[in-house]
Amino acid sequence: MKIFKLVFKNAMRHKLRSALTMLGIGVAILLFGLIRTIISAWYAGVEASAQNRLVVRNAVSLIFPLPLAYREQIGKMPNVENASAANWFGAYYQDQKNFFANFATDDNYLSIYPEYRLPPEQKEAYFRERNACVVGRKLAERFGWKLNDAVRLTGTIVQGDWDFVIRGIYEGAQPTADETQFFFHWEYMNERVRQDFGDGAADNVGFYVVQIAKSANPAQISEMVDANYKNSYAETKTETESAFQQGFVSMSGTIIVAMRVVSIVVVFIILLVLANTMAMTARERMTEYAVMKTLGFRPLHLIGLIGGESLVIALGGFVLGLLLTNQVVSGFASFLVTANLSAFFPVFELKNSTITLSFIAAVAVGLASAIFPAWRSVKMRIADGLHRIG
Amino acid sequence: MPNHIVAVNEVSKSYRRDSLKIPVLENIGLSVPEGEFLALMGPSGSGKTTLLNLIAGIDRPDSGTITVANDEVTRLSESQLAVWRARHVGFIFQFYNLMPVLTAYENVELPLLLTKLSKKDRDEHVKTALSVVSLSDRMKHYPKQLSGGQQQRVAIARAIVADPTLIVADEPTGDLDKTSAVEILTLLERLNQEFKKTIIMVTHDQRAAEKAHKVRHLDKGELV
């Protein structure tokens, strides 16, 4: 027999109590994991941002366009490897509730985003056709789209029906890549704008995505781009892609802070649940601890015994919570798709960092819950523990 | 002149209850020769368990010295005392105090986990101890599956498994029926006579005391 066997046997001594405590911890871990997953999903765009990509937009506001001519000028600037024009298109499919991100992008765009993996033959087919489009895997699944399907979108910014043929379905190279987007040729949009609204409305770009050399300083290049268009009729604001995405997320910053606070409160609740169990357990076992001390077991043995028992329960709760979280996150991700809400959380999955954080929380709570009972057992006089003073 | 294994010199001990100081032992002196079977008797509150605890190193006197097996236990630190107890003292309690989640075998093995014995050696020691108390066939039983007498025999096996210098027993028959009590006393007698173990036993039971070589009475904190 080893001491850890005694630890495990002690943890399972009151099966119902231990099971209920583990269930309580499991539910708290579920809540913690779910909140962290929502926060991660909120920041998915920021996390997916590359350090060597800048976004250039109109300095006044994102809704004001930039001239198409900037693309060539920016592309020629030092340390700039590529520049791509894109417009937020704001169309929907069949019904307004079928909202998703759709962009008119020029031919450079996909090469700047290597994380969107598209088979070469699909890429070739896309570039060959004027009204071709590329859609993300999740978006295709959401609407049951397949390769070569004809799709009609209804424009809200450039109004009217827009017909496309799906020539590519991309997949994310990593889990954080957004697979719910829709890209089509910027020229296709520009031609129609010119046709419907005249030359004055054409050749306007919503924003540029600029790929810079890996060794380049993003801040310096941003300053250089903005300085170049200083006092022009369309001044620019250039920032890293991460800062650009952060700008959207920060609008809901207070909610995120509140959620973070709730996740910390949840950890505190776990602590209370387990600390209560461990305190009860230790109180019941004071005589046993006294006997062990009598037999020669030292304070470190008792600390190990109580801490180990607390950890076994906490980790049991963690495993249960992880299984629950995995199921609930998968279910919630499916719900987001069926409820047409995946555009708000394009990447909704249990991340390794959330699992690690939950594990750390469980271990920390397990250890913290053992502090008081362990301290009591160490401080207890053996004679008091044996209840015999005569 | 016999070799004294226990020497208690001018030991006093009192407890505090709130602001009240309750004297339990006053200037006690006691010598126990090696191989002795000593019974300590006395009414409740006379201080016999306290004296036993002091000799066994699980409590400390206010004054005086206690030497057991040439070690002055009153000078040892808490951690030194823990090591010392594991090496020199085997404990038998009134209520057996076995770990309910461990089998008889595992309960007896418990003190050996503190030693450097190999698993094979531990197994040998445990089986020998259980055979001495005639419980070889119950080694896989949990305490709740054993009678009171059997549980006390497991506790005795646990007390002797590390081959201690001294066995202390606090009312070992206090929770047992007459038959079981006789069995336990016979076993203690055998440990003393056959295995030459020094035993100090606290008891209320006159029949138990009769098994001892020597009986000392405590009354109001004094040996009489």
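Remember, it's a predicted structure, so these values are computed and weren't measured experimentally.

Draft legend 1. The arrangement of empty space enclosed by the protein in detail. For the coordinates displayed, the defined rule picks out three cavities of 30 Å³ or more. For the largest cavity, the calculated volume is near 70 Å³. Lining the largest cavity, in full, are A:Thr294, A:Leu295, B:Arg85, B:Ala86, B:Val89, B:Gly90, B:Phe91, B:Pro111, B:Arg158, B:Ala159 and B:Ala162. Of all the secondary structure elements, the ones that give two or more residues to the lining of the largest cavity are helix 12 (286-295) of chain A together with helix 2 (78-88), strand 6 (89-92) and helix 5 (148-160) of chain B. With three residues, strand 6 of chain B is the largest single contributor of residues to the lining of the largest cavity. The class makeup of the residues in the lining of the largest cavity is seven nonpolar, two polar and two charged.

Draft legend 2. Examining the sheet that holds strand 9 (residues 214-219) of chain B more closely. Residue and element names in this part refer to chain B. Within the open sheet, the six strands sit side by side as 6-7-8-3-9-10. Their pairing is mixed. Here the strands that pair on one side only, and so sit at the sheet edges, are strand 6 and strand 10 (222-223). Summarising the sheet, strand 6 and strand 7 (residues 166-170) pair through four bridges and their orientation is parallel. Bridge pairing links phenylalanine 91 to valine 168 in strand 7.

Draft legend 3. Here's a closer look at the side chain of A:Thr21. All names here are of chain A. The topology assignment puts threonine 21 in helix 2 (residues 15-42). Judged by relative accessible area, threonine 21 falls into the buried class, the value being 5%. Leaving out residues up to four positions away in the same chain, threonine 21 has contacts with Val273, Leu274, Thr277 and Ile313.

Draft legend 4. Focus on the environment of A:Ala132. All names here are of chain A. Tracing the backbone shows alanine 132 in strand 7 (residues 132-136). The exposure class assigned to alanine 132 is buried, which follows from its relative accessible area of 0%. In contact with alanine 132, other than residues within four places in its own chain, are Ala125, Tyr126, Phe164, Val165, Arg167, Phe183, Phe184 and His185.

Draft legend 5. The arrangement of the environment of B:Thr65 in detail. All names here are of chain B. Along the polypeptide, threonine 65 turns up in strand 4 (residues 63-68). C-alpha separation for the pair threonine 65 and alanine 7, spaced 58 residues apart in sequence, amounts to 8.1 Å. With residues near it in sequence (within four places) discarded, threonine 65 still touches Ala7, Val8, Asn9, Val11, Glu72 and Thr74.

Draft legend 6. Structural view of the packing of helix 12 of chain A against helix 14 (residues 352-379) of chain A. All names here are of chain A. At a minimum axis distance of 10 Å, the contact between helix 12 and helix 14 shows a crossing angle of 50 degrees. The orientation of helix 12 with respect to helix 14, classified from their angle, is oblique. In terms of crossing hand, the pair formed by helix 12 and helix 14 is right-handed. Only Pro373, Arg376, Ser377 and Val378 of helix 14 make contact with helix 12, whose side of the interface consists of Met286, Tyr289 and Lys293. Among the residues making up the contact of helix 12 with helix 14, the classes are represented as four nonpolar, one polar and two charged.

Draft legend 7. Structural view of the pattern of salt bridges. All told, the structure shown has 32 salt bridges over all chains when counted by the stated rule. The partner of A:Arg137 in a salt bridge is A:Glu179, and the shortest N-O contact between them spans 2.6 Å. Here A:Arg137 is found in helix 7 (residues 137-143), whereas its partner A:Glu179 is found in the loop between strand 9 (160-172) and strand 10 (182-185), with 42 residues between them in sequence. You can call A:Arg137 partly exposed: its relative accessible area is 26%. A single salt-bridge network, built from bridges that share partners, covers A:Arg381, A:Asp384, B:Lys13 and B:Asp59.

Draft legend 8. Local environment of the interface of chain B and chain A. At the interface, 36 residues of chain B touch 26 residues of chain A. Here chain B and chain A share an interface that buries about 2,700 Å² over both sides, 64% of which is from carbon and sulfur atoms. It is B:Met99, B:Val101 and B:Leu114 that lose the most area in chain B upon contact with chain A, and together they represent 21% of the buried surface on that side. Inspection of the region where chain B meets chain A yields three salt bridges. For A:Arg381, the salt bridge goes to B:Asp59, with nearest N and O atoms at 2.9 Å. Across the chain B-chain A interface, the total number found is seven residue pairs in polar contact (both at pLDDT 80 or more). For the side of chain B that touches chain A, the secondary structure elements donating two or more residues are strand 1 (4-17), helix 1 (48-55), helix 2 and helix 3 (104-109) of chain B. With five residues, the top contributor of residues to the side of chain B that touches chain A is helix 2 of chain B. Partitioned by chemical class, the residues of the side of chain B that touches chain A number 17 nonpolar, nine polar and 10 charged.

Draft legend 9. Seen up close, the layout of surface pockets. Taken as a whole, the second largest pocket holds about 310 Å³ of empty space. Along the walls of the second largest pocket sit 18 residues, with A:Lys293, A:Met380, A:Arg381, A:Ile382 and B:Glu78 positioned nearest its centre. Among the elements of the structure, helix 14 of chain A together with helix 2 of chain B are those that each provide at least two residues to the lining of the second largest pocket. Sort the elements by how many residues they give to the lining of the second largest pocket and helix 2 of chain B lands first, with five residues.

Draft legend 10. Focus on the pairing of strand 5 (residues 102-105) of chain A. Residue and element names in this part refer to chain A. The side-chain alternation of strand 5 yields two buried faces, one formed by Asn102 and Ala104 and the other by Phe103 and Thr105. Pairing analysis gives three bridges linking strand 3 (residues 80-88) to strand 5, with the strands arranged antiparallel. Within strand 5, the residue paired with tryptophan 88 across the bridge is phenylalanine 103. Two strands pair when backbone bridges link them, and strand 5 and strand 10 are joined in this way by four bridges, in the parallel orientation. By the bridge assignment, phenylalanine 103 is partnered in strand 10 with phenylalanine 183.

Draft legend 11. Layout of the packing of helix 1 (residues 3-11) of chain A against helix 13 (residues 299-338) of chain A. Residues and elements named next belong to chain A. Between helix 1 and helix 13, the shortest axis-to-axis distance is 9 Å and the interhelical angle comes to 55 degrees. Overall, the two elements helix 1 and helix 13 adopt an arrangement that is oblique. When the axes of helix 1 and helix 13 are compared, the crossing they make is right-handed. Between helix 1 and helix 13, the contacting residues are Ile3, Leu6, Val7, Phe8, Asn10 and Ala11 on the first element and Gly304, Leu305, Gly308, Glu309, Val312 and Ile313 on the second. Broken down by class, the residue content of the contact of helix 1 with helix 13 amounts to eight nonpolar, three polar and one charged.

Draft legend 12. Spatial organisation of the nonpolar core. One finds B:Val6, B:Val8, B:Leu51, B:Ile55, B:Val68 and B:Ile200 to be the most contacted residues of the largest nonpolar core, which totals 72 residues. Those residues within four positions of B:Ile200 in sequence are excluded, and the remaining contacts are B:Val6, B:Val32, B:Leu38, B:Leu40, B:Leu52, B:Ile55, B:Leu166, B:Ile167, B:Val168 and B:Ala169. One finds A:Met77, A:Phe89, A:Ala104 and A:Cys133 within the second-largest nonpolar core, a separate group that totals 43 residues.

Draft legend 13. Seen up close, the side chain of B:Gln152. Within the element layout of this structure, B:Gln152 appears in helix 5. Not counting residues within four places of it along the chain, the set of residues in contact with B:Gln152 comprises B:Ile92, B:Phe93, B:Gln94, B:Tyr96, B:Pro172, B:Leu176 and B:Ile184.

Reading the values: rules and limits
- Residues numbered from 1 in each chain as written.
- Chains lettered and ligands numbered in written order.
- Predicted model: local features only at pLDDT ≥ 70, side-chain atom pairs only at ≥ 80, totals over all residues.
- Heavy atoms only, no water.
- 1 Å grid on protein atoms, 1.4 Å probe; cavity = no way out; pocket = protein on both sides within 12 Å on 5 of 7 lines; lining within 4 Å.
- Points joined across faces, edges and corners; volume = space filled by probe spheres on them.
- Helix = DSSP H or I, 4+ residues; strand = E, 2+ residues; numbered from the N terminus.
- Nonpolar A, V, L, I, M, F, W, Y, C, P; charged D, E, K, R; others polar.
- Pairing = 2+ DSSP bridges.
- Buried < 20%, exposed > 50% of the residue type's maximum accessible area, 1.4 Å probe, protein only.
- Contact = heavy atoms within 4.5 Å.
- Axes fitted to C-alpha atoms, helices over the stretch in contact; angles between N-to-C directions.
- Parallel < 35°, antiparallel > 145°, perpendicular 65-115°, else oblique.
- Left-handed = near helix turned anticlockwise from the far one by under 90°.
- Salt bridge = Lys/Arg side-chain N within 4 Å of Asp/Glu carboxyl O.
- Buried area = accessible area lost by both parts, 1.4 Å probe.
- Polar contact = N/O pair within 3.5 Å; in protein donor to acceptor, adjacent residues only side chain to side chain.
- Core = buried A, V, L, I, M, F, W, Y, C linked by side-chain atoms within 4.5 Å.

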